[in-house]
Amino acid sequence: MSFDRTIKIAPSILSADFANFGAEIQAIEAQGADWVHVDVMDGHFVPNLTFGPPAVKAFRPHVKTVMDVHLMIAPVDPYIQAYADAGADILTAHVEAGAHTHRTLQAIRAAGMKAGVALNPGTPAEAVEHLLDLADLVCVMTVNPGFGGQKFIDMTGKVRKLRQMIGDRPIHIEIDGGVDPQTAPLVAAAGADVLVAGSAVFKGGSVDTPEVYGANIHAIRAAAESTNG
Ligand code: DX5
Ligand code: ZN
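The shown structure was predicted, so the numbers you read here are calculated from the model rather than taken from an experiment. (Residues numbered from 1 in each chain as written. Chains lettered and ligands numbered in written order. Predicted model: local features only at pLDDT ≥ 70, side-chain atom pairs only at ≥ 80, totals over all residues. Heavy atoms only, no water.)

Q: Help me understand helix 8 (residues 210–225), please; the structure alone is not making it clear to me.
A: Along an α-helix, a turn takes 3.6 residues, which lines up residues three or four apart on a common side. Compared with an ideal rise of 1.5 Å per residue, which puts 16 residues at 22 Å, helix 8 spans 23 Å between its outermost C-alpha atoms and is within 8% of the ideal. Three or more residues of helix 8 are buried, namely Pro-210, Tyr-213, Gly-214, Asn-216, Ile-217, Ile-220, Arg-221, Ala-223 and Ala-224. (Helix = DSSP H or I, 4+ residues; strand = E, 2+ residues; numbered from the N terminus. Expected span 1.5 Å × (residues − 1). Buried < 20%, exposed > 50% of the residue type's maximum accessible area, 1.4 Å probe, protein only.)

Q: Would you explain the coordination of the zinc ion (ligand 2) in this entry?
A: Between any two of four tetrahedral donors, the ideal angle at the metal is 109.5 degrees; between two of six octahedral donors, it is 90 or 180 degrees. Surrounding the zinc ion (ligand 2) are the protein donor atoms His-37 (NE2), Asp-39 (OD), His-70 (ND1) and Asp-176 (OD), which sit 2.1 to 2.2 Å from the metal. Metal-centred angles of 71 to 175 degrees between the 6 donor atoms at the zinc ion (ligand 2) mark the site as octahedral. Read in sequence order, the donor residues coordinating the zinc ion (ligand 2) give the pattern H-x1-D-x30-H-x105-D. Taken as a pair, Asp-39 in strand 2 (residues 36–41) and His-70 in strand 3 (residues 67–72) lie far apart in primary sequence, 31 residues in all. With respect to burial, Asp-39 and His-70 carry one shared label: buried. (Donors = N, O, S within 2.8 Å, 3.2 Å for Na, K, Ca; no water. Tetrahedral: all angles 85-135°; square planar, octahedral: opposite > 155°, others 65-115°.)

Q: How should the side chain of Arg-221 be read in this particular structure?
A: For Arg-221, the position within the fold is in helix 8. Polar side-chain contacts of Arg-221 include one of 2.9 Å to the backbone oxygen of Gly-32. In this structure Arg-221 touches Ile-7, Ile-9, Gly-32 and Asp-34, once residues within four positions along its chain are discounted. (Polar contact = N/O pair within 3.5 Å; in protein donor to acceptor, adjacent residues only side chain to side chain. Contact = heavy atoms within 4.5 Å.)

Q: Got a minute to help me understand the site of ligand 1 in this structure?
A: Taken together, 20 residues lie near ligand 1, and Gly-146, Gly-149, Asp-176, Gly-198 and Ser-199 sit nearest. Gly-149 places a polar main-chain atom, nitrogen or oxygen, 2.8 Å from an oxygen atom of ligand 1. For ligand 1, whose unbound accessible area comes to 380 Å², protein coverage reaches 100%. Within the residue set of the shell around ligand 1, elements represented by two or more residues are strand 2, strand 3 and strand 8 (194–197). Broken down by element, the residue count for the shell around ligand 1 peaks at 3 residues, all from strand 2. Across the shell around ligand 1, the residue classes break down as 8 nonpolar, 10 polar and 2 charged. (Near = heavy atom within 4 Å. Areas by Shrake-Rupley, 256 points an atom, 1.4 Å probe, with all protein chains shown as cover. Nonpolar A, V, L, I, M, F, W, Y, C, P; charged D, E, K, R; others polar.)

And the structure:
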């Protein structure tokens, strides 16, 4: 994975057909997805439950781009190796998931994956100040985690602060939650480069009408690139 700050669209399969993940992943990648965002939820850290390592392992052969795994779980450390074995390219842990995020990020990298750290809306950018040299990605939640289709919470001030803190380090700023053609320009202008979108990508489409996914992805990308962010 080479690093660049060009806009990337990472559809979240949380909004996909749960009975057809393989075909859905192939469809979004064929229609322009840059990454595939995989939302792991444990029903403890967030009030929802999705899937774990066996499912992520089953997704892997269908992902030709980057499998960006977002862990909304606590604790994280006991499961890191299982997600490495499942084939995650990026593994993102929430800074709120435990007391030792510094060690968690070290362990993710030691397991051979890129390390991401996620911040809930109520967590300040400063929470990752001492983690930046261990991170390849900072995920700024713009919804309270657990569900797709929620209303965007404006975190542009936090994004700008993070962009300033990161400087020229090769660290992606990922936005997750409520991203659509209206909100994408706001966060791109503030310095974000990876845009996760679930409902805004999958809405109105299906594996039988994948061109709708393509049009949705294109609309988000065009809106983000329309700013000088
Ligand atoms: C929420 C997940 C997000 C969500 C995005 O907890 O982390 O990735 O699936 O879905 P939308 O884009 O519909 O807000
Ligand atoms: Zn997510």
